[in-house]
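Structural description and commentary
The residues making up each chain are set out below.
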Amino acid sequence: MTMNNLNVSAQQQTWSQVDDYLNALLIPSDSLLEQALSTNTEAGLPAHDVTPNQGKLLQLLLQIQGAARVLEIGTLGGYSTIWMARALPEHGRIVTLEAEPHHADMARTNLTRAGLMHKVDLRVGPALTTLPDVQEEYREPFDFIFIDADKPSNPDYLRWALRLARPGSLIIGDNIVRDGEVINADSTDRRVLGVQSFLKLIADNPRLEATALQTVGSKGYDGFVIARVLESPMTK
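Report follows, based on the coordinates. (Residues numbered from 1 in each chain as written. Predicted model: local features only at pLDDT ≥ 70, side-chain atom pairs only at ≥ 80, totals over all residues. Heavy atoms only, no water.)

**What about the overall build of the protein?**
Heads up, the rule is: Strands here are runs of E lasting at least two residues and helices are runs of H or I lasting at least four, both read from the DSSP assignment and numbered beginning at the N terminus. Each radius of gyration reported is based on C-alpha atoms, and the globular scaling rule is 2.2 Å times the count of residues to the power 0.38. Type-normalised accessible area, obtained with a 1.4 Å probe on protein chains alone, sets the label of each residue: buried when under 20%, exposed when over 50%, and partly exposed for intermediate values. Between two residues, a contact is recorded if the distance between any of their heavy atoms is within 4.5 Å. All accessible areas in this document rest on Shrake-Rupley with a 1.4 Å probe, and a residue is counted as covered only by the protein chains that are shown. The positive count covers Lys and Arg only, the negative count covers Asp and Glu only, and His and the chain ends enter neither. Taken as the charge location is NZ of Lys, CZ of Arg, CG of Asp or CD of Glu.
Counting secondary structure elements, the protein contains eight helices and seven strands. A compact globule built from 236 residues should have a C-alpha radius of gyration of about 18 Å, and the protein, at 18 Å, falls within 12% of that. Relative to its full complement of 236 residues, the protein shows a buried share of 46%. Residue pairs in contact within the protein that sit at least 24 positions apart in sequence constitute 73% of those at least 6 positions apart. Taken as a whole, the protein presents about 11,800 Å² of accessible surface, with 54% of it coming from carbon and sulfur. A distance of 5 Å separates the average location of the 21 positive side-chain charges in the protein from that of its 29 negative side-chain charges.

The following block contains the structure:
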């Protein structure tokens, strides 16, 4: 192992230890959430779930906003869905879209175990094919939209989010830093290119005001963008 790799490994160990410390201090242990992660791992799902502190952040944002209608693009095994569904009022609803049937089956298992399926509308199939049905069936706009799916499609997901949002809605995009590759102008990685285009569309859209934050932790070096839909176009 090179010295540079040793430094990266030491950094990652520190980031993970800090995450563990903060989670232990601020986020009570939750057997249902922990069991959801175990179920996902045993089922062979990729370890792409948000971290506990990120899940708690989503939950707090929903509660601060008083959101009742949530759209999640990218369910995976339902871990983030549980965090957000718990923040909703009893009449609240989260529509969550998952392309992979096996992932959706695990999400349904986890959400049923958590007693939350009555708040969840889980749609299976590529999001760009299920979003038109969502638009048709849900006439009221969504208060909160979380985009955490295949990155090459992020620009299309943003366009759909804007159609389905209202003034004051929040749009969150995860995994936008990608170990710093987001600044690589010569990247040929379709995921990086998708994120770059996604961020440019947000920056250029006068209906949005936004910021982005870099994050480090148990999942490495990444970040998220948070955008708010405005009452009227913003003059930049």
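**Notes on the nonpolar core**
Defined as follows: Nine residue types can take part in a nonpolar core, namely buried Ala, Val, Leu, Ile, Met, Phe, Trp, Tyr and Cys, and a core is a set of them joined through side-chain atoms within 4.5 Å.
Within the largest apolar cluster, 30 residues are counted, with the highest numbers of intra-cluster contacts made by Met 84, Phe 144 and Ile 172. Every element with two or more residues in this core is listed here: helix 2 (31–42), helix 3 (52–65), helix 4 (79–85), helix 5 (101–113), strand 3 (120–124), strand 4 (142–147), strand 5 (165–174) and strand 7 (220–229). Every residue in contact with Met 84, bar those within four places of it in the chain, is listed here: Leu 58, Leu 62, Val 70, Glu 72, Ile 94, Phe 144 and Phe 146. Of all hydrophobic cores here, the second largest spans 27 residues; its members include Phe 142, Leu 164, Ile 171 and Ile 202.

**Some details on the environment of Leu 131**
Its place among the elements puts Leu 131 in helix 6 (residues 127–137). What makes Leu 131 buried here is its relative accessible area of 0%. A C-alpha to C-alpha distance of 25 Å links Leu 131 and Ser 232, two positions 101 residues apart in sequence. Those residues within four positions of Leu 131 in sequence are excluded, and the remaining contacts are Leu 71, Ile 73, Leu 97, Tyr 157, Trp 160 and Leu 164.

**Here's the deal with the pattern of salt bridges**
For clarity, the cut-off: Think of a salt bridge as a Lys or Arg side-chain nitrogen and an Asp or Glu carboxyl oxygen that are within 4 Å of each other.
According to the stated counting rule, one finds 13 salt bridges in the structure shown. The salt bridge partner of Arg 69 is Glu 140, with a shortest N-O separation of 3.7 Å. Taken together, the residues Arg 69 in strand 1 (residues 69–73) and Glu 140 in the loop between helix 6 and strand 4 connect sequence positions 71 residues apart. Relative accessible area serves as the criterion here: at 25%, Arg 69 is assigned to the partly exposed category.

**Focus: unusual backbone geometry**
Even without being glycine, Leu 76 reaches a positive phi, approximately 55°. Within the secondary structure layout, Leu 76 lies in the loop between strand 1 and helix 4. The residue Asn 175 is not glycine, and still its phi comes out positive at about 60°. The residue Asn 175 is located in the loop between strand 5 and helix 8 (190–204) in this model.

**Things to note about the sheet that holds strand 4**
Worth spelling out the cut-off: One requirement defines pairing of two strands: DSSP has to find at least two bridges between them. To get an axis, a line is fitted to the C-alpha atoms, and for a helix only the part in contact is used. The angle between two axes follows their N-to-C directions and goes from 0 to 180 degrees.
Taken together, seven strands build an open sheet; the order of strands is 3-2-1-4-5-7-6 and the sheet is mixed. At either end of the open sheet lies a strand with only one pairing partner, and these are strand 3 and strand 6 (208–217). In this sheet, neighbouring strand axes are inclined to one another by 15° on average, regardless of whether the strands run parallel or antiparallel. Relative to strand 4, strand 1 runs parallel, the two being bridged by four bridges. Paired with Ile 73 across the two strands is Ile 147, which belongs to strand 4.

**Here we look at the environment of Ser 31**
Tracing the backbone shows Ser 31 in helix 2. Judged by its relative accessible area of 53%, Ser 31 is exposed. Spatially, the C-alpha atoms of Ser 31 and Ala 114 are 9.8 Å apart, while their sequence positions differ by 83 residues.

**A few points about the pairing of strand 3**
Both faces of the sheet carry side chains from a regular strand, because those side chains alternate between them. The following threshold applies: By definition, the crossover connecting two strands over a helix is right-handed if that path, from the first strand to the second, turns clockwise as seen with the strands pointing away from the viewer.
Of all the five residues making up strand 3, four are buried; the element is thus mostly covered by neighbouring parts of the structure. Relative to strand 3, strand 2 (residues 93–98) is paired through five bridges, and the arrangement is parallel. Looking at strand 3, one finds that Thr 96 is bridged to Leu 122. With helix 5 bridging strand 2 and its parallel neighbour strand 3, the resulting β-α-β unit is right-handed.

Limitation: the analysis is restricted to geometry and does not speak to function.
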